[in-house]
Amino acid sequence: MSKKNRAWIPVWAIIIASVLIAFEYGKVPPAAPNMMEVLGISYTTQGLMMTMFSIAAVVMALFGGALMDRFGARKVVSIALLVSIVGNVAGLFWTSDLGILVTRVLEGCGYGAAMTAGPGIIAMWYEPKKRGLANGVWGANVGFAMMIVTLSATPIMENGNWTGMWVFGLIGAVLAFLLVVVCVKAPAESERKDLEESAGVKEDPEKHGVLWGYLAPLSLLSAVMFFLVGGSTDAFNSFTIPFLSVENGWTEGAANLCATIAAAGMLVGGTAMGLVLARTKDKGLLLFVDMLVCAIGLFLWFNLDIGVVGTYVIAFVLGCFLGAAPTVFFAMAPEVARSPKTVGAATAVVVLGQNGGTLAVPAIVGMILDSAGYGAAAMTMGALSLAACAICLLVFRRIYNKSIRSTRE
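Residues numbered from 1 in each chain as written. Predicted model: local features only at pLDDT ≥ 70, side-chain atom pairs only at ≥ 80, totals over all residues. Heavy atoms only, no water.

The name given to the protein chain in an unreviewed UniProt entry is MFS transporter, with the source organism recorded as Gordonibacter urolithinfaciens. Its UniProt record, at the heading Subcellular location (unreviewed entry), says of the protein chain: "Cell membrane". (UniProt positions renumbered as here; feature names shortened; annotations may be inferred.)

Notes on the pattern of salt bridges
Under the defined criterion, the tally for this structure stands at four salt bridges. When the shortest N-O distance is used, the salt bridge between lysine 27 and glutamate 24 registers 2.7 Å. The same class applies to lysine 27 as to glutamate 24, namely buried. Where glutamate 107 meets arginine 104, a salt bridge forms, and the shortest distance between an N and an O atom there is 2.7 Å. Taken together, the positions of glutamate 107 and arginine 104, both in helix α7 (residues 97-125) and three residues apart, correspond to about one turn of that helix. Both residues of the pair, glutamate 107 and arginine 104, count as buried. Ionic contacts of the salt-bridge type, sharing partners, join the residues Glu24, Lys27, Arg104 and Glu107 into one network. (Salt bridge = Lys/Arg side-chain N within 4 Å of Asp/Glu carboxyl O. Buried < 20%, exposed > 50% of the residue type's maximum accessible area, 1.4 Å probe, protein only. Helix = DSSP H or I, 4+ residues; strand = E, 2+ residues; numbered from the N terminus.)

Quick word on the state of the cysteines
Within this structure, the stated rule accounts for zero disulfides. With no disulfide partner, cysteine 258 has as its closest neighbouring cysteine sulfur the one in cysteine 320, 13 Å distant. Cysteine cysteine 389 shares no disulfide, and the gap to the nearest cysteine sulfur, in cysteine 392, comes to 7.3 Å. Judged by its relative accessible area of 2%, cysteine 389 falls in the buried class. (Disulfide = S-S within 2.5 Å.)

Quick notes on the nonpolar core
Of all hydrophobic cores here, the largest spans 117 residues; its most connected members are Phe236, Met291, Trp301, Phe302, Phe329 and Phe396. Split by domain, this core shows at least three residues from each of two domains, domain 1 (1-194) and domain 2 (208-408). Residues contacting phenylalanine 329, with those up to four places away along its chain left out, are Ser222, Met225, Phe226, Val229, Leu287, Met291 and Val350. (Core = buried A, V, L, I, M, F, W, Y, C linked by side-chain atoms within 4.5 Å. Domains from an automatic or database assignment. Contact = heavy atoms within 4.5 Å.)

Considerations on the environment of glycine 319
Mapped onto the fold, glycine 319 is located in helix α15 (residues 308-332). Since its relative accessible area comes to 0%, glycine 319 is described here as buried. The sequence separation of glycine 319 and threonine 233 amounts to 86 residues, and the corresponding C-alpha distance is 9.0 Å.

A short note on the packing of aromatic side chains
Where two aromatic rings form a pair, the distance of their centres and the angle of their planes describe that pair. Evaluation of the coordinates by the stated rule reveals 13 aromatic pairs. Summarising the aromatic geometry, the rings of tryptophan 162 and tryptophan 166 are spaced 5.3 Å apart at their centres and angled 85 degrees between planes, so their arrangement reads as edge-to-face. Of the two residues, tryptophan 162 and tryptophan 166 are both situated in helix α10 (residues 162-183); the distance of four residues between them amounts to about one turn of the helix. Using a relative accessible area of 5% as the deciding quantity, one classes tryptophan 162 as buried. By relative accessible area, tryptophan 166 is classed as buried at 2%. Between phenylalanine 226 and phenylalanine 330, the aromatic rings sit 5.5 Å apart at their centres with planes inclined by 80 degrees, giving edge-to-face as the arrangement. Here phenylalanine 226 is found in helix α12 (residues 217-247), whereas its partner phenylalanine 330 is found in helix α15, with 104 residues between them in sequence. Members of the aromatic cluster, joined through ring pairs, are Tyr25, Phe53 and Tyr111. The ring of tryptophan 166 carries the charged tip of lysine 27 above its face, separated from the ring centre by 4.0 Å. (Phe/Tyr/Trp six-rings, centres within 6.5 Å; stacked < 30°, edge-to-face > 60°. Lys NZ or Arg CZ within 6 Å of the ring centre and 35° of its normal.)

Put into C-alpha cells, the structure is as follows:
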C-alpha cells in the first residue's frame with residue numbers, strides 16, 4: 001500500500017475514536033431520570049456529572065497538548081482513553097454521589113485528549129487542500145455521537161436501566177482505545193504536511209518556556225470566539241426542547257424531533273464547511289459570515305412562533321451554520337500555532353475555549369431564563385455570538401491574514 005493511500009488510516013481512526021469516546025459525554029441525559037429514581041441522585045448531582053466531565057476534558061486538553069507535542073499523540077491519547085475505561089467500569093459499581101463524580105472526572109480524560117489530538121493528526125497527514133472532508137466530519141463529531149446515543153438510548157432504557165448506558169459508553173471507549181493503539185500514528189518527519197504552514201514565527205519552541213505554545217495570539221482569539229459562539233450553541237441545544245414543549249405547548253415527540261433535525265443540520269453544516277474551507281483563501285471572512293448568521297438566528301430562535309413545519313425548517317438551517325463554526329476553529333488550529341512543534345498546545349487552547357463555553361454559557365442562559373424569560377435569553381445568546389463576530393472581523397482576521405502573507409513570503 002502506498003504512503004498516500006495509508007494516510008486515511010490514522011486520520012479516520014482518530015475521527016471515529018473521537019465519535020466513540022463522545023458517547024461518554026452523551027450517555028448521561030438519557031440515563032439521568034432512571035439514576036434519580038434508582039440511585040436517588042439530585043438535580044445538582046446530575047448537573048455536576050456534566051460539569052466534572054467537562055472540567056476533566058479542559059484540564060486534559062491543557063496538559064495533554066504539551067505532552068502530545070513532546071511524546072506523540074498515540075501514547076498520550078491511549079493512556080487517557082485507558083483512564084476513561086477504568087472510570088467507566090468503576091462508575092458501574094461506585095454509585096454514591098462522590099463516586100459518580102470521581103468516575104466522571106476519569107471518563108472526561110479520554111474525551112479531552114482525543115479532541116485535542118485530532119486536528120493535529122489530520123494536518124500531519126493531509127495537505128490543506130485535501131483536508132476538507134476530514135475537517136468537516138471532525139467538526140461534527142460530537143453531534144454525530146449525540147445522534148447515535150440518542151437513537152440508541154430508547155431501546156437500551158426500555159429494556160434495562162441506567163447501567164445499560166454506562167455499558168454503551170464503555171463499549172465506545174474500548175473501541176476508541178483499540179483504534180488509537182492500532183491505527184493512529186504520526187508520519188515520518190520528512191513526510192509531514194504541516195511543517196511549513198503555521199501562521200506563527202518559525203522559532204524553535206525549546207528556546208521558550210512551556211507556555212509559549214499555549215499563548216499563540218491567534219489560538220487565544222480562536223478560543224475566545226469558540227467560547228462565545230460555541231457556548232451559545234450549547235445553550236441552544238440545552239433549552240430548545242423546553243422552549244418548544246413548555247413555552248409553545250408542543251408535544252414531547254415533536255419537540256424532540258425538532259432537536260434531532262437541528263442536530264442533523266449541524267452534521268450537514270460541519271461536513272460542508274470542511275469542503276468549503278479547504279477551497280477558501282480568506283478563512284477569517286468565511287468564519288465571520290458564518291458566525292453572523294448564527295448570531296441572527298439565535299436572536300430570533302426563542303421568539304419564533306411559526307408552526308411546526310416552519311420551525312423545523314429554521315432549526316435545520318440554523319443547525320447548519322451552528323455546526324459549521326466548530327469545523328473552522330478545529331481546522332485552523334494547526335495553522336495558528338506558533339510552530340509545527342506546538343500544534344498540540346495551540347489546539348488545546350481552542351478545546352479549552354470550547355469546553356469553557358459549555359461550562360459557562362448554558363448556566364448563564366439558564367439563570368436569565370429563570371429571571372427574565374426566553375426573550376432575554378435569545379438576546380444574550382445572539383449578543384455573545386455577535387461579540388465573536390466583532391473579534392473575528394476587527395482583530396482575528398487582520399492578524400491571521402498578515403501572518404499568512406508573512407509565512408508565504
